[in-house]
Amino acid sequence: MATDAKEDMRSRNDPVDIAEDDNSLDEKKGNSLDRADMYRMGKVQEMRRNFRFVSIFGFSMILMASWEAALSIAVIGLMNGGTAGMIWSYFVCWMGFLLVNTSMAEMGSMAPTSGGQYHWVSEFAPRQHQKIMSFLMGWTCIIGWQALAASTAFVAGSQLCGLIVMAYPETYVFERWHATLLTMAMAAFSVLFNTVLSRKLPLVEGIVLIIHMFAFVGILVTLWVLAPRAEASVVFTEFTDGGGWGSVGTSVVVGMLAGALPLLGADAAVHMSEELRDASRTLPKTMILSTIVNGAMGWIMVITFCMCIGSLEEALASPTGVPFMQVFLNATQSPSSAIGMSCFITILTMFCNITMVATASRQLFAFARDQGVPFSGWLSQVRPGWDVPANSIFVTFVVTSLLSLINVGSPVALNSITSLSTSALLSTYIASISCIIWRRATGQPMLKSPFSLGKWGLPINIASVVFLCFIFIVAFMPPTPNPTPDLMNWTILIYGIVMLGSVVYFVLRGRHRYAGPVAYVRQLE
């Protein structure tokens, strides 16, 4: 069956795609380099290449949303490490992810495909291990991005609830099912943009990028001017053990997750590469530049927030359930002003979810195209005239809606499931970069690409994996020692179940259907 799938994939490719050596552009197929990359990888160009550098840069910036995410999850770092721990942990994570994303940018330049990490593992791993490794990474990446899409929709829904609380503090009573319904509404909004308005998505990303920049400046200046400021010597140097670990160092390590999460997801641009013109050249620039710019904006916002937070206890006890909204209210002393500032973050989080749904659906589409999931033929369909994998988009909506229902019964369970996205994506980064390390260390030939790390490749790759392994371990740690069931980090259990389930599915069915992307690759002279 895998052989039949391989032949079918080959028969769907058009050799004319690489017949031209010029740089002529085709509205759907891109330039000659795009066509050559798709031909080499044995893939058919089914989606329209609407994205260019500015729009894909905006896509990546909005998806990472580093300064918005840093505000949304600041409580993690403030409780474990305090202001100094949060500031310096974020900086360390920023430098670490700059190395990681540079490593992935090189692989994206070599093989610009929606498959991303599982494709890279298939091409770069030792031949005898590529099939099982690629299959597991495909499932892990799907789970990671589906959970991340659900998580972002839930954050946007929860922030909307917080805005309602702030606007009607005397009359509105928050219920968990409110957040669940708003989460589904956010997911439906994202589906609308990714289907009916899909051709406008690059334009929208460029516009939202401007909002992303101006909202950052507006909120920053407002806090600088109006909020009370703490002493810099205290904010930058005093580490605290708010989690009760008995060790400031351990507490800071646990709080590093607040620095890692806002910088996660730069590989999203890779999963959109089959809709990007001149992908092998544009991807590296996008991934590295978005990490530098978003990282800098996030660090500046973290420093400002820590300087202006005032009473941490009051922020954590905010009736909105969102600490940054309380900080805005304390700074402006005006509910209307605080709501206006918070609205920008909520709107940007909504558009972040649009990019999450796009990325998650492309990852699912790519793996289905390689026969990696059940109902592969249906999930990999690209409807004529739509130029997007609509079925995969609808499945992403269903997954988000089902996961949001968990919040009605147990917000702890939902948090653990959405936390799975962090460990899942980190493991795919580790696996794919490790394969490149193996190739470099053993003298295996590397694919030619417009962007190459050259002699710096091996040290950058090794440093990336060391950093990722450290953060991967941190992602499984609970917020406090000896946690009660409602504070326990259940991610390791869920991650283990997902990986075990993937292995069982591979043994029972996947190994008979899945050949791996490397099976379709053409060796070009």
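Above this note sits the structure.
Fair warning: this is a prediction, and the values are worked out from it, not measured in the lab. (Residues numbered from 1 in each chain as written. Predicted model: local features only at pLDDT ≥ 70, side-chain atom pairs only at ≥ 80, totals over all residues. Heavy atoms only, no water.)

S.K.: What should I look at first to understand the overall build of the chain in this one?
M.R.: From N to C terminus, the chain includes 23 helices and zero strands. Each principal axis of the C-alpha atoms in the chain carries an extent, and together these give about 65 × 45 × 45 Å. Relative to its 525 residues, the chain shows a buried fraction of 59%. By sequence separation, contacts in the chain at least 24 residues apart represent 81% of the contacts at least 6 residues apart. Working note: accessible area of the chain is about 20,100 Å², and carbon and sulfur atoms make up 68% of it. Mean positive and mean negative side-chain charge positions of the chain (31 and 32 charges, respectively) differ by 9 Å. (Helix = DSSP H or I, 4+ residues; strand = E, 2+ residues; numbered from the N terminus. Buried < 20%, exposed > 50% of the residue type's maximum accessible area, 1.4 Å probe, protein only. Contact = heavy atoms within 4.5 Å. Areas by Shrake-Rupley, 256 points an atom, 1.4 Å probe, with all protein chains shown as cover. Lys, Arg positive; Asp, Glu negative; His and termini not counted. Charge placed at Lys NZ, Arg CZ, Asp CG, Glu CD.)

S.K.: Explain the pattern of salt bridges to me, please; I cannot follow it from the model alone.
M.R.: Between side chains of opposite charge, pairing is possible as soon as their charged atoms come close. Applying the stated criterion to the full structure yields nine salt bridges. Salt-bridge contacts for R369 lead to E274; the nearest nitrogen and oxygen are separated by 2.8 Å. You can see R369 sitting in helix α18 (residues 335-369) and its partner E274 sitting in the loop between α14 (268-271) and α15 (279-308), a full 95 residues away along the chain. With a relative accessible area of 5%, R369 lands in the buried category. Since its relative accessible area comes to 1%, E274 is described here as buried. Taken together, the salt bridges that share partners define one network made up of R48, R199 and D387. (Salt bridge = Lys/Arg side-chain N within 4 Å of Asp/Glu carboxyl O.)

S.K.: So what exactly am I meant to see when it comes to helix α23 (residues 491-513) here?
M.R.: Since there are 3.6 residues in each turn of an α-helix, residues three or four apart along the chain are aligned in direction. In α23, a bend of some 60 degrees at F506 exceeds every other bend along the element. Looking at α23, one finds that the buried residues are T491, I494, Y495, M499, S502, Y505, F506, G510 and R513. (Bend = angle between axes of the 7 residues up to and from the residue.)

S.K.: Teacher, can you tell me more about the packing of aromatic side chains here?
M.R.: Geometrically, a pair of aromatic rings is defined through the distance of the ring centres and the angle of the planes. Summed over the entire model, instances satisfying the criterion amount to 24 aromatic pairs. Aromatic pair F476 and Y495: ring centres 5.7 Å apart, planes at 65 degrees, arrangement edge-to-face. Here F476 is found in the loop between α22 (457-474) and α23, whereas its partner Y495 is found in helix α23, with 19 residues between them in sequence. No difference in accessibility class separates F476 from Y495, as the two residues are buried. An aromatic cluster of at least three residues, connected via ring pairs, comprises Y118, F135, W139, F367, Y505, F506 and Y514. The ring of F53 has K285 sitting right over it, with the charged end atom 5.5 Å from the ring centre. (Phe/Tyr/Trp six-rings, centres within 6.5 Å; stacked < 30°, edge-to-face > 60°. Lys NZ or Arg CZ within 6 Å of the ring centre and 35° of its normal.)

S.K.: How do you make sense of the side chain of H178 when you look at a structure like this?
M.R.: Mapped onto the elements, H178 comes out in helix α9 (residues 176-195). On the basis of relative accessible area, H178 is assigned to the buried category, the value being 16%.

S.K.: I tried to follow unusual backbone geometry on my own but got confused; where do I start?
M.R.: Phi is mostly negative for residues that are not glycine, and the peptide bonds are mostly trans. Residues other than glycine seldom take positive phi values, yet Q371 does so here, at roughly 65 degrees. By secondary structure assignment, the location of Q371 is in the loop between α18 and α19 (376-379). Positive phi values are uncommon outside glycine, yet F375 reaches one of about 55 degrees. Structurally, F375 can be placed in the loop between α18 and α19.

S.K.: Honestly, the packing of helix α8 (residues 130-167) against α23 in this entry has me stumped. Any pointers?
M.R.: Helix-helix packing is characterised by the crossing angle of the two axes and by the distance between the axes. In contact at an axis separation of 10 Å, α8 and α23 are set at 130 degrees when each is read in the N-to-C sense. In terms of axis orientation, α8 runs oblique to α23. Where α8 crosses over α23, the two elements pack in a sense that is right-handed. Contacts between α8 and α23 involve K131, I132, F135, L136, W139, T140 and I143 on the former and, on the latter, V498, M499, S502, V503, Y505, F506, G510 and R511. Classifying every residue of the contact of α8 with α23 gives 10 nonpolar, three polar and two charged. (Axes fitted to C-alpha atoms, helices over the stretch in contact; angles between N-to-C directions. Parallel < 35°, antiparallel > 145°, perpendicular 65-115°, else oblique. Left-handed = near helix turned anticlockwise from the far one by under 90°. Nonpolar A, V, L, I, M, F, W, Y, C, P; charged D, E, K, R; others polar.)

S.K.: When you look at α15 in this model, what are you seeing that I'm missing?
M.R.: Over its 30 residues, α15 runs 42 Å from end to end, which matches the ideal 44 Å to within 8%, given 1.5 Å per residue. Among the 30 residues that make up α15, 23 are buried, leaving the element largely enclosed by the rest of the structure. Immediately downstream of α15, the backbone of G310 shows phi near 70 degrees, a positive value. (Expected span 1.5 Å × (residues − 1).)

S.K.: How do you make sense of the nonpolar core when you look at a structure like this?
M.R.: Among soluble globular proteins, nonpolar side chains are generally buried collectively. If you look at the biggest cluster of nonpolar residues, it comprises 132 residues, and the most contacted ones within it are W67, F97, W145, F328, Y429 and L468. Those residues in contact with W67 that lie beyond four places of it in its chain are H212, A215, F216, I219, M297, G298, M301, I345 and L348. Membership of the second largest hydrophobic core comes to five residues, among which are F154, C161, Y172 and A179. (Core = buried A, V, L, I, M, F, W, Y, C linked by side-chain atoms within 4.5 Å.)

S.K.: Can you help me understand the state of the cysteines in this one?
M.R.: Scanning all chains against the criterion turns up zero disulfides. The thiol of C161 is not disulfide-bonded; the next cysteine sulfur, from C343, is found 13 Å away. Distance from the sulfur of C306, which forms no disulfide, to the nearest cysteine sulfur (C308) is 9.5 Å. (Disulfide = S-S within 2.5 Å.)

S.K.: Got a minute to help me understand a nonpolar patch on the surface in this structure?
M.R.: Together, V217, V221, W224, V225, L226 and I300 make up a nonpolar patch on the protein surface, roughly 530 Å² of accessible area in all. Counting residues per element, the nonpolar patch draws most heavily on helix α10 (residues 201-226), at five residues. Relative to the helices and strands, W224 resides in helix α10. (Patch = residues over 30% accessible without salt bridge, like charges linked within 9 Å, V, L, I, M, F, W, Y side chains within 5 Å.)

S.K.: Could you clarify how one ought to interpret the environment of F236 in this entry?
M.R.: With respect to the helices and strands, the residue F236 is situated in helix α11 (residues 232-237). Considering only alpha carbons, one finds F236 and A179, 57 residues apart in sequence, at a separation of 35 Å. Sequence-distant contacts of F236, defined by excluding residues within four places in its chain, comprise A84, I87, W88, I303 and M307.

S.K.: Would you take a moment to explain the environment of I462 for this structure?
M.R.: One can find I462 in helix α22. C-alpha of I462 to C-alpha of V100: the two residues are 362 residues apart in sequence and 9.5 Å apart in space.

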